[in-house]
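Structure assessment
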2 protein chains.
Amino acid sequence: MVTMRDMRRYRVENCSIERTLAVLGEKWTFLVLREAFNGVRRFADLQTRTGAPRQVLSARLSRLVDEGLLRKVPYQEPGQRQRDEYRLTEKGLDLYPIMIALMHWGDRYLADPEGPPVVVTHRDCGAPVALHLICEEGHEVGGPREATSHPGPGARLTALA
Amino acid sequence: MVTMRDMRRYRVENCSIERTLAVLGEKWTFLVLREAFNGVRRFADLQTRTGAPRQVLSARLSRLVDEGLLRKVPYQEPGQRQRDEYRLTEKGLDLYPIMIALMHWGDRYLADPEGPPVVVTHRDCGAPVALHLICEEGHEVGGPREATSHPGPGARLTALA
DNA sequence: GCATCTAAGTCTAGTTGACAGACTCAGATC
DNA sequence: GATCTGAGTCTGTCAACTAGACTTAGATGC
């Protein structure tokens, strides 16, 4: 059984993290997604709230639509022409754990002394939520020291000298 | 009680996600951290495995040390001079849920048909691990539709028109 | 038809960061 | 001093970001 420490002799050519980063791996995209999770859908609102330059925002929205994380939905204000707003797809919604993880790390290490600026709660009972790493046997896994990485079924490895 | 949908009238000025992204929000930093979690510590290995240009890598390592996510630890190979390697601090290790979340989203939506290239398991029992969003009452929270965001104790909000 | 409106882009020149490749540095060793 | 080796640093080119200005496309009214 090759463990990841042994895997220092190999490089994973099809790393999922790297593929995710190819879609997400820069600030403006994350901020757009943050606002999408906030229910913000329109260009001008996204632009105001993220602070992204309009060209950057346009490019990111286009990319996120192409990648299937956002979809365009036509809307029309009275007296105006039809326009599109942007909504999260299921694929986009599944980014939620990433957003929560980013927020909670920031809450812990970078927030002001008064505490977190935003609290996420369970809608049904009102209790604050947290991410837990749990194995299929139901054990709580406390962190990387209690976890082990192995090549998976799709592993494509390149040997290093 | 102001909910996040009401909070579309406000912008959070001290957003934790945004602060996290100021440290992390680009590809090379994430890839360096990925390798740090893999136990890779030395400049040349980090450079080979991430593919980062050396100048980029040097700048990222320096930044991550300044931000307290990595620390330098001196080492010396026989016949060579003393050098530094880079290890994760506790603050850096706490990024683990982010890395797992990125990996699992990529596994689901971007991996090859054969399946994930890397499987993370619980060290003690060998079962695969997954992130779960759980509230303090112990309920499983399935996703954003079952969660609500509120201003927290540190909230600094700016009204929008 | 023309003018006006408004939100969603697109354009442009300057700035900043990434990039490839070459080069330098700093101790240990002979 | 010469050689070695790993960890950077340097440089000119290219790509992306940025601020600000401008354009576009339908609806509406005259």
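Each remark here, short or long, concerns the structure printed above.
Residues numbered from 1 in each chain as written. Chains lettered and ligands numbered in written order. Predicted model: local features only at pLDDT ≥ 70, side-chain atom pairs only at ≥ 80, totals over all residues. Heavy atoms only, no water.

**A look at the interface of chain B and chain A**
With 91 residues of chain B in contact, the opposing surface of chain A contributes 91 residues. Summed over both sides, the interface between chain B and chain A buries roughly 8400 Å², with carbon and sulfur atoms accounting for 62% of that surface. One salt bridge connects Arg108 of chain B with Asp94 of chain A, and the closest N-O pair in it is separated by 3.0 Å. In terms of residue class, the side of chain B that touches chain A is made up of 49 nonpolar, 19 polar and 23 charged. By the bridge criterion, seven bridges tie strand β5 (residues 129-135) of chain A to strand β5 (residues 129-135) of chain B in an arrangement that is antiparallel. Bridged to Leu133 of chain A within β5 of chain B is Leu131 of chain B. (Contact = heavy atoms within 4.5 Å. Buried area = accessible area lost by both parts, 1.4 Å probe. Salt bridge = Lys/Arg side-chain N within 4 Å of Asp/Glu carboxyl O. Nonpolar A, V, L, I, M, F, W, Y, C, P; charged D, E, K, R; others polar. Pairing = 2+ DSSP bridges. Helix = DSSP H or I, 4+ residues; strand = E, 2+ residues; numbered from the N terminus.)

**Considerations on the pattern of salt bridges**
All chains considered together, the criterion is met by 28 salt bridges over all chains. As a salt-bridge pair, Glu26 of chain A and Arg60 of chain A come within 2.6 Å of each other at their nearest N and O atoms. One end of the pair, Glu26 of chain A, is in the loop between α1 (16-24) and α2 (27-37); the other, Arg60 of chain A, is in helix α4 (residues 54-66), and 34 residues separate them in sequence. Arg63 of chain B is the salt-bridge partner of Glu67 of chain B, the closest N and O atoms lying 3.0 Å from each other. The partly exposed category is assigned to Glu67 of chain B, whose relative accessible area is 22%. Beyond isolated ion pairs, a larger network of salt bridges with shared partners links Glu18 of chain A together with Arg34, Glu35 and Arg49 of chain B. (Buried < 20%, exposed > 50% of the residue type's maximum accessible area, 1.4 Å probe, protein only.)

**Digging into the packing of aromatic side chains**
The tally for this structure, following the rule as stated, stands at five aromatic pairs over all chains. Judged by centre distance (6.3 Å) and plane angle (40°), the ring pair of Phe30 of chain A and Phe30 of chain B falls under tilted. Of this pair, Phe30 of chain A sits in helix α2 while Phe30 of chain B sits in helix α2 (residues 27-37), which puts the two residues in different chains. The class of Phe30 of chain A is buried, set by a relative accessible area of 1%. Above the ring of Trp28 of chain A, the side-chain terminus of Lys27 of chain A is found at 4.4 Å from the ring centroid. Positioned above the aromatic ring of Tyr75 of chain A is the side chain of Arg42 of chain A, whose terminal nitrogen or guanidinium carbon lies 3.8 Å from the ring centre. (Phe/Tyr/Trp six-rings, centres within 6.5 Å; stacked < 30°, edge-to-face > 60°. Lys NZ or Arg CZ within 6 Å of the ring centre and 35° of its normal.)

**Some thoughts on the protein's contact with DNA strand D**
Lining the immediate surroundings of DNA strand D are 21 residues, of which Trp28 and Arg60 of chain A together with Tyr75, Arg81 and Tyr86 of chain B lie closest. Of all atoms in DNA strand D that approach within 4 Å of the protein, 64% are sugar or phosphate atoms. Contact between DNA strand D and Tyr75 of chain B: a phosphate oxygen at 2.6 Å from a side-chain N or O atom of the residue. Put simply, the parts of the chain that give the surface near DNA strand D at least two residues each are α4 of chain A together with α3 (43-50), α4 (54-66) and β3 (82-88) of chain B. By residue number, the principal contributor to the surface near DNA strand D is α4 of chain A, which donates four residues. Tallied by class, the residues present in the surface near DNA strand D amount to seven nonpolar, seven polar and seven charged. (Near = heavy atom within 4 Å. Polar contact = N/O pair within 3.5 Å; in protein donor to acceptor, adjacent residues only side chain to side chain.)

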